[in-house]
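# An overview of the molecular structure
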Amino acid sequence: MKYKLSEIALFNPTETLKKGTLAKKVGMDKLQSFCRDIPDYEIAEFSGGTKFRNGDTIMARITPCLENGKTAKVNILNTEEVGFGSTEYIVFRAIDGVTDEDYLYYLVCSPIVRDIAIKSMVGSSGRQRVQTDVVKGIEIELPTLDEQRKIGSLLKSLDDKIAVNNKINENLQAQVMALFHAMFISSEDRLSWESGTFSDLIESTLGGDWGKESPTGNNTELVYCIRGADIPEVKAGNKGKMPTRYILPKNYAAKRLLPGDIVVEISGGSPTQSTGRVAAISQSLLDRYDKGMVCTNFCRAIKPKSGYSMFVYYYWQYLYDRNVFFSYENGTTGIKNLDLSGFTTTEEIVIPPFELIQKFDDYCQIVFDQTFANGLENEQLSNLRDTLLPRLMSGELDVSEIDI
């Protein structure tokens, strides 16, 4: 039997949060592309925005966030706790006895809802928004509640494994940062080490090239372009949705990324401070990008001297986590650019003996290999989930006989 989506889910359900109340806030920047779980939040005073509880699904209603897969199932709240987020979310809540919350999340992620939502967008270029009434009117062939639970459970099992791998990768990175701190920051030996700047450890920097969406004759190379938005995916060992672009062969030869390079986002914004984010380019990553890689115009690639790549990368990350880059931003309000030259030549650092740096580098290579192995498994699981999703939602695959 067919139902309108508004008959099987509550849209933007009413919740109470008094203005000025401290609560968990999930900004649009916290959501990852095509990822069920919310990786982070902040504690902020409520002054407006959508409100939600655990189990609700939040979907971006603005371009390009919706197209980029910013849809998540809320999982960061306690029982009876209310959180809030961007006004650019649509909140969906399952109705007791009618819909299963896991099924509803995957339904919202499926082409049945996503494609119609995207096509309904109206507004000025770059600021188009979903017409909520159109989404409410989408007709759904709703399976029984038991079948919904089976479908939701099947897909959930894949996302649960992805979440486990992500947690392992987070722990691996935390261990490396702890080792970095012990070896280079809190070590008493640092008092005898040389002082310098990052420019002492960097050979050169590369500019970016966004290239073209279509080839201009035969005189172009098809390559992957890493954007600032791709940096979290790369750090997690995931291939992500990095776009392919066509650039001139001479540009590729000059700007091609190689193992040991570090991509820096130089154009981001405050207060989230995406400026200064970094991703290390390893051989494991390049092996998964057979067309080769460059960074976009909004990033720069730095080339550390031989043997210093991991030390530079984690030192950079250590300073980023301490908000050092705020003092090296310039530009208009909301659009802040990193003064890369100013940072690398001014920020004073301590440089330990090369032998110690090499030991740290050897350990990091082991961690990176494991991180990317987990990321590769996550991509395979994601592909399986995305293949099953539309077939399960359309009823092409029958789950009635499955015992869960």
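Residues numbered from 1 in each chain as written. Predicted model: local features only at pLDDT ≥ 70, side-chain atom pairs only at ≥ 80, totals over all residues. Heavy atoms only, no water.

### Points about the overall build of the protein
A count of helical and extended segments in the protein gives eleven helices and 21 strands. Relative to its length of 404 residues, the protein is compact, with a C-alpha radius of gyration of 23 Å against a globular reference of 22 Å. With the C-alpha coordinates aligned to their principal axes, the bounding extent of the protein is approximately 70 × 55 × 45 Å. In the protein, which comprises 404 residues, the share counted as buried stands at 49%. (Helix = DSSP H or I, 4+ residues; strand = E, 2+ residues; numbered from the N terminus. Rg over C-alpha atoms; globule rule 2.2 N^0.38 Å. Buried < 20%, exposed > 50% of the residue type's maximum accessible area, 1.4 Å probe, protein only.)

### Description of the pattern of salt bridges
Counting across every chain of the model gives 23 salt bridges. Of the charged contacts, one joins glutamate 213 and arginine 245 as a salt bridge, the two residues approaching to 3.5 Å between their closest N and O atoms. Here glutamate 213, found in the loop between strand S12 (202-206) and strand S13 (221-226), pairs with arginine 245, found in strand S14 (residues 244-247); they are 32 residues apart in sequence, far enough to count as distant. Looking at arginine 245, the relative accessible area reads 9%, which means it is buried. (Salt bridge = Lys/Arg side-chain N within 4 Å of Asp/Glu carboxyl O.)

### Things to note about the packing of aromatic side chains
Scanning the model with the defined rule gives 27 aromatic pairs in all. On the numbers, 4.8 Å between centres and 65 degrees between planes, the contact of tryptophan 316 with phenylalanine 343 is edge-to-face. Highlighted residues: tryptophan 316 in helix H9 (residues 309-320) and phenylalanine 343 in helix H10 (residues 340-346), separated in sequence by 27 residues. When sorted by exposure, tryptophan 316 lands in the same class as phenylalanine 343, which is buried. Pairing tyrosine 320 with phenylalanine 325 gives two aromatic rings, centres 6.1 Å apart and planes at 50 degrees, and the pair type is tilted. Taken individually, tyrosine 320 and phenylalanine 325 each receive the classification buried, so the pair is uniform in this respect. The cationic tip of arginine 245 hangs over the ring face of tryptophan 210; the distance from NZ or CZ to the ring centre is 4.0 Å. (Phe/Tyr/Trp six-rings, centres within 6.5 Å; stacked < 30°, edge-to-face > 60°. Lys NZ or Arg CZ within 6 Å of the ring centre and 35° of its normal.)

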